[in-house]
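# Topology and contacts: notes
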Amino acid sequence: MIRAVEASQAVSAPVLAAYRYCETVTGQQARNFAYGIRLLPTPERRAMSALYAFSRRVDDIGDGELPGAVKVERLEDTRALLGRVRAGTVEEDDTDPVAVALAHASRVFPIPLGGLDELIDGVQMDVRGATYETWDDLKVYCRCVAGAIGRLSLGIFGTESGARGVERAPEYADTLGLALQLTNILRDVREDAEGGRTYLPADDLAKFGCSAGFAGPTPPEGSDFAGLVHFEVRRARALFAEGYRLLPMLDRRSGACVAAMAGIYRRLLDRIERDPEAVLRGRVSLPGREKAYVAVRGLSGFDTRHVSRHTLRGRA
């Protein structure tokens, strides 16, 4: 995939209002994500906000308190809306601002909208109460809810013409999504347990004596909870290292956006590694000043240059 179509700055008033709605949703509900997309040019930032707002709607259905059957029905309604976006039948005066913004973004950028079908599939797995025996099983879920978002985002970013190995860009975007999702799973292990969900593979839980789950602020008696967390952290780090190969394939501002978002999650991973039991006591997060530092570092191109040097050494 080479650089996306040039995005026109001229946007009609109804579409502009729809984008503003999506940007408000993004700013209020996705602070980590919002830090990254602030670094993008306006057309790309708007398109990413539309993508996030649609994804947030899908996630909110899955996370809500409605009965399972109603959730399934609403997810299928959302899939039908996506079908209208794909078919080009959403008009600018449609009453759904997310649909209007996503429809416009998909006309301007080559967004692989099938990734949003995958997201809906992944949330349906949540609604069904799916559990995962092995990492290979969990990867299927992670690819649906996060890898697909990486590939969708790549449709907005585009890639630099002539970049080495550019044909693997979708694979790296997918892998970076997996790294972010595994970090999310570690961060939210207590919150998910309280909601009746277990994402970490059953094989891993058994290996470290954690099959009893995480119902309280302390690990299961006799377990090696720190060992489990460190094991999953190493897995996430390997995914980050592979996914970061995407950075040199992006232009400066898209690379900065990705580096900022991924950098925030890598620092979360560092905090979790230093104090594994913190995830059982509450949500681990970064202060705003640290997120701002990561964003500036991404904009400087430091991470992209580091990955480029490492890749060249690997080929030498």
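Above: the structure in question.
Residues take numbers from 1 onward in each chain, read along the sequence in its written order. Local features in this predicted model are restricted to residues whose pLDDT is 70 or higher, and side-chain atom pairs enter the listing and the counts only when it is 80 or higher, whereas totals over whole chains, interfaces and linings include all residues. Excluded from the side-chain calculation are hydrogens and water; included are all heavy atoms of the structure.

### What to know about helix α1 (residues 13-29)
Spacing of three or four residues puts side chains on the same side of an α-helix, whose turn is 3.6 residues. Relative to the 24 Å expected for 17 residues at 1.5 Å per residue, α1 spans 24 Å between its end C-alpha atoms, a close match to the ideal helical length. Only protein chains enter the calculation, and the probe is 1.4 Å; a residue is then buried if its accessible area is under 20% of its type maximum, exposed if over 50%, and partly exposed in between. Helix and strand definitions here come from DSSP, where helices need a minimum of 4 consecutive H or I residues and strands a minimum of 2 consecutive E residues; each element is numbered from the N-terminal end. Looking only at α1, the buried set comprises V15, L16, A18, Y19, C22, V25 and T26. Whether two residues are in contact is decided by their heavy atoms: any pair within 4.5 Å suffices. Buried positions along α1 lie against α2 (31-37), α3 (42-63) and α5 (97-108). Here, expected helix span is obtained from the residue count minus one, scaled by 1.5 Å.

### Digging into the packing of aromatic side chains
Two rings belonging to Phe, Tyr or Trp (six-membered ring only in the last case) form a pair when the distance between their centres is within 6.5 Å. Interplanar angles under 30 degrees mark stacking, angles over 60 mark edge-to-face geometry, and anything in between is tilted. All chains considered together, the criterion is met by six aromatic pairs. Pairing Y141 with Y199 gives two aromatic rings, centres 5.2 Å apart and planes at 25 degrees, and the pair type is stacked. Placement of the pair is Y141 in helix α7 (residues 135-157) and Y199 in the loop between α9 (189-194) and α10 (202-207), with a sequence separation of 58 residues. Residue class for Y141 comes out buried when judged on its relative accessible area of 4%. Residue classification places Y199 among the buried positions, given a relative accessible area of 7%. Centroid distance F214 to F225: 5.4 Å. Interplanar angle 65 degrees. Geometry classified as edge-to-face. Note that F214 is positioned in the loop between α10 and α11 (225-243) and F225 in helix α11, a separation of eleven residues in sequence. In this structure F225 comes out as buried when scored by relative accessible area, which is 4%. In textbook terms, an aromatic cluster arises when at least three aromatic residues are bridged by ring pairs, as seen for Y132, Y141 and Y199. Charge-over-ring placement is defined geometrically: NZ (Lys) or CZ (Arg) within 6 Å of the ring centre, and within 35 degrees of the ring normal. Over the ring of Y244 we find R266; its NZ or CZ atom is 4.7 Å from the centre of that ring.

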